Each structure stands twice: as structure tokens, then as C-alpha cells.
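# Fold and contact review
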There are 2 protein chains.
Amino acid sequence: MARRGQSGDGDTPSEILDVAERLVQRRGFNAFSYADVAAELHVTKAALHYHFAGKAELGEALLSRYAARFADALAAIDAEPATAPRKLAAYADLYGDVLRDGRMCLCGMLAAEYQTLSEPMRRILTRFFSDNEAWLERVLAKGREEGTLHFTGTSGEAAGLIVAALEGAMLVARPFGDVARFQAAAASLLAGLL
Amino acid sequence: MARRGQSGDGDTPSEILDVAERLVQRRGFNAFSYADVAAELHVTKAALHYHFAGKAELGEALLSRYAARFADALAAIDAEPATAPRKLAAYADLYGDVLRDGRMCLCGMLAAEYQTLSEPMRRILTRFFSDNEAWLERVLAKGREEGTLHFTGTSGEAAGLIVAALEGAMLVARPFGDVARFQAAAASLLAGLL
DNA sequence: GTCTATAACGAGATAGAC
DNA sequence: GTCTATCTCGTTATAGAC
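Residues numbered from 1 in each chain as written. Chains lettered and ligands numbered in written order. Predicted model: local features only at pLDDT ≥ 70, side-chain atom pairs only at ≥ 80, totals over all residues. Heavy atoms only, no water.

### Let's talk about the protein's contact with DNA strand D
Near DNA strand D there are 16 residues, and of these T44, Y50 and H51 of chain A together with K45 and K55 of chain B occur at the shortest range. Within 4 Å of the protein, atoms of DNA strand D come from sugar and phosphate in 50% of cases. Contacts to DNA strand D include Y34 of chain B, whose backbone N or O atom sits 3.2 Å from a phosphate oxygen. Contacts to DNA strand D include K45 of chain B, whose side-chain N or O atom sits 3.3 Å from a base oxygen. Secondary-structure elements contributing two or more residues to the surface near DNA strand D are α3 (45–51) of chain A together with α3 (45–51) of chain B. With four residues, α3 of chain A is the largest single contributor of residues to the surface near DNA strand D. Of the residues in the surface near DNA strand D, the class split is seven nonpolar, seven polar and two charged. (Near = heavy atom within 4 Å. Polar contact = N/O pair within 3.5 Å; in protein donor to acceptor, adjacent residues only side chain to side chain. Helix = DSSP H or I, 4+ residues; strand = E, 2+ residues; numbered from the N terminus. Nonpolar A, V, L, I, M, F, W, Y, C, P; charged D, E, K, R; others polar.)

### What to know about the packing of helix α7 (residues 119–146) of chain B against helix α8 (residues 155–176) of chain B
Residue and element names in this part refer to chain B. Orientation of α7 relative to α8, taken along the N-to-C sense of each, is 125 degrees, at an axis distance of 8 Å. Of the possible angle classes, the one that applies to α7 and α8 is oblique. Seen from above, α7 lies across α8 with right-handed handedness. When α7 is examined against α8, the residues F128, F129, N132, E133, L136, E137, L140, A141 and R144 are found in contact with a partner set consisting of S155, G156, A158, A159, G160, I162, V163 and E167. Here the residues of the contact of α7 with α8 sort into nine nonpolar, four polar and four charged. (Axes fitted to C-alpha atoms, helices over the stretch in contact; angles between N-to-C directions. Parallel < 35°, antiparallel > 145°, perpendicular 65-115°, else oblique. Left-handed = near helix turned anticlockwise from the far one by under 90°. Contact = heavy atoms within 4.5 Å.)

### What to know about the relation of the copies chain B and chain A
Expressed as a screw operation, the relation of chain B to chain A combines 0.0 Å of axial shift with a rotation of 180 degrees, fitting to an RMSD of 0.0 Å. The transformation just described matches what one would write down for a two-fold rotation axis. Of the interface residues in chain B, 100% have counterparts in chain A that sit at the interface too, so the contact is made through matching surfaces. (Least-squares fit on C-alpha atoms with pLDDT ≥ 70 in both.)

### Quick look at helix α9 (residues 179–191) of chain B
The end-to-end C-alpha separation of α9 of chain B is 18 Å, in line with the 18 Å expected for 13 residues at 1.5 Å each. Listed in full, the buried residues belonging to α9 of chain B are F182, A185, A186, S188, L189 and L190 of chain B. For α9 of chain B, the elements touching its buried residues are α8 (155–176) of chain A together with α5 (84–100) and α8 of chain B. Among the residues of α9 of chain B, the N-terminal cap falls to D178 of chain B, whose side-chain oxygen and the backbone nitrogen of A180 of chain B are separated by 3.0 Å. (Expected span 1.5 Å × (residues − 1). Buried < 20%, exposed > 50% of the residue type's maximum accessible area, 1.4 Å probe, protein only.)

### Structural notes on unusual backbone geometry
Residues and elements named next belong to chain A. Positive phi outside glycine occurs at H42, with the angle close to 60 degrees. Within the element layout of this structure, H42 appears in the loop between α2 (34–41) and α3. A residue is classified by how much of its surface remains accessible, and H42, at 74% relative accessible area, is exposed.

### Overview of the interface of chain B and chain A
Each side of the interface is counted separately: chain B has 38 residues, and chain A has 38 residues. For the pairing of chain B and chain A, the buried interface totals around 3200 Å² over both sides, and the portion due to carbon and sulfur atoms is 67%. Put simply, chain B and chain A have two salt bridges between them. Note that E133 of chain A and R181 of chain B form a salt bridge whose closest N and O atoms lie 2.9 Å from each other. Taken together, chain B and chain A are joined by six residue pairs in polar contact (both at pLDDT 80 or more). Here the element with the most residues in the side of chain B that touches chain A is α8 of chain B; it accounts for 14 residues. (Buried area = accessible area lost by both parts, 1.4 Å probe. Salt bridge = Lys/Arg side-chain N within 4 Å of Asp/Glu carboxyl O.)

### A closer look at the state of the cysteines
All names here are of chain B. According to the stated counting rule, one finds zero disulfides over all chains in the structure shown. Considering cysteine sulfurs only, C107 is the nearest to C105, which forms no disulfide, with 5.0 Å between them. A residue is classified by how much of its surface remains accessible, and C105, at 1% relative accessible area, is buried. Residue C107 is classed as buried on the basis of its relative accessible area of 0%. (Disulfide = S-S within 2.5 Å.)

Here it is, written out as C-alpha cells:
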């Protein structure tokens, strides 16, 4: 059974989210419209408003789904036995996969547009970064304890640097249309932790 | 003589650029309008169109001025004798100063919106990052040569990581309204190069 | 160099039929 | 659940007076 997109389900709300997500990740939340999504799905804007009352509600659904998917990916990394460096490499690959599809991280994109977002969207967004850093902090602490990772400062500080560096590496790589630029930065970052 | 803003000159085009720049750095290029700038300067939108034909032309002027100002700041760092680590710290401070004013780096913001920009804007933007990395590459190579900096990989790779990490640290710090978050990431980054 | 006025378009959203 | 039709507003941009 052919299944496209990342959401398994082929129901209308999911299809709307799939299209909107790609548009936001490529162009930004303030540069996509209901008309864009409607045209691509061959439905009318009114149909979209039936499923998502307004742009803010659509944005919240987008963020919630993205954060949940990311959390699942982190759980999947934790499910397999691996050294801390390998877990970090797997983490960086999550970002690389998004970039390879020509997209910015949804949350990195929305972070840039933060001041124009609704309160609910803001809360989910900051939560995303906090959760990511908390996961990284655990991996980093374990790695340092096991002797597989070496860094100065706290695990929390290193976690913050990793999130920042990966988001920034995606941000800068996209204008150059050059995934290798991201890979080089990620490799350089992780090499500094060995 | 009282002088506000960063542009020395108090002529109309400069004032327009000052206001537009702040709006773009806080809200994004696709979330500010001629009406916003006009209202703040107590002039009409038509007056703005006299100085900058369209939004794209205004954006080009914005980017050119920002890039020139940044280049001046790098020249100023080079003008004084300092160790490579001190130069890197001064470089990171350029970003910190922008963030302390509640702003994202203009070029980081526009990098997120890259796919919606005009060709001329795109060219100036990528040039900005290339120039920054070239400057960093020189500082890094010198520092390694002098033994004041230590890192694996090429100077170019390390330069790319620094730009990415600082841009990303700004991006992530803003949603938290927390400059300390940026400072911690910058410190952690530079500590890894000692 | 700045104004008033307005054109032309697209965005977000709603009412009500089917 | 999707449609047609419509509304209102904001945005970019221009013409022409002062």
C-alpha cells in the first residue's frame, strides 16, 4: 500500500498538515497562506477552515505534531544500545534528514518568527527546545561518565551549544543549497566532544 | 550633538533603514510593511517609495549597509593587537550586542526567509556569510599557528561551525528572552577551541 | 521631497447551500 | 466535509497635486 508523506494516515487533516508543514519549513510561517495549501490539495480555503479554524490553530497543530514526532525519534535512538557519541551522531542525522529535503527545522524557522507567533505556539516552541536540550544533557552526562565524551562546562551548557550549532548550521547551509556545509559543521561540532 | 541610531547620518534614507532594520531583525522581512515604517517615522508610505522603489530595493539597501557595518567591525577588531582567542571573543560580542537589543542577526533572519527573497538580496546574503567565514578562517589559522587555539579539522570547517553556532545560539535564545543562554553557548563554543 | 487618493491584489475568515 | 460567494482588511505600488 503506497503511503506518501511522514504521517502514515491519509486523512484530510494530516494531508493539510503535511503540505502546510513543508511550506512553513521552506518559506516561513508568514510567507505561506491557506490559498497555497488549498491549491496544492485541490480543495478550497473554506475546507481548510473547517479542519483548522485559523492560521494560529493550524500552527499549533503543526508544532505539536512536529514535537511529538521528534520525541518519538529520540525515543527510537534510546531504544537501541549505542555509545554516547553514536547517539549524538544519530541526533545530528535527524537534522540532516530534514535539510536534505530542502527544509529548515520547523522549530528553527518558527524561532526566527517568534515575535509574530500566538502565545500557544510560543509555548510549544520553547518546550521543544527545552526537551531537546534535556535529552542531550542526559546523553552528554552519561558519555562523560563513561569516558566516551569530553568537554568543559556543564552538560546543560554543552547541550545548549549542540542545539544552537545544529539549528544554525541548517540556517546557514540552506542559502548555499549545500548539505555538505551542514555535515561539516556537525562533524566539527561532534569532533570537539571526543 | 545628539545622534541616535547606528548610522551617524540623520538623513531620511538612513532613518528609514534604521526603522526597517529593527523591524526586520525583530519580526522578519515578511512580517513588516511600509505602513509600519511610515507610521513610526510619521510620514506616508508614498514618501518611502520615493527613497526605496520597492520592498526588494529596501531589502538590498538594508543588507548592503549591514554587511558593510559588519565588515567595519571586523576591521576594527583587526586594528588592535590581540590574541586569536580574544579576537574570537570580540567577534562573538558583535552577535551578543545585537541580541541584547532584542534583535536577531539581520542575515540570520533573512537566511530563514531565503526562499522568499529576491536574487540580489540572496547574493548579498550568501556573500555576508562567506566573508565572515573567511575572516574567521584567518584568525583560526593564525591562532593554531601561534598555539593559542587548538581544534581538529581545517580552519574553514571550524569557521563554519563558529558562524553556525553563533547564529543558532541567537535564534534559540530569543524565544527564551534570555541573553545568558547565548552567552553560555558562545562561551562553551570558544572553550572548545582552547 | 512629501502629500492625498486610489488602484490592484492577496490574505484570513465567515455564511449558508449542497 | 466541501463548495460558492462574499466580506474586510492589509499590503504593495502608482498618479498627480503641492
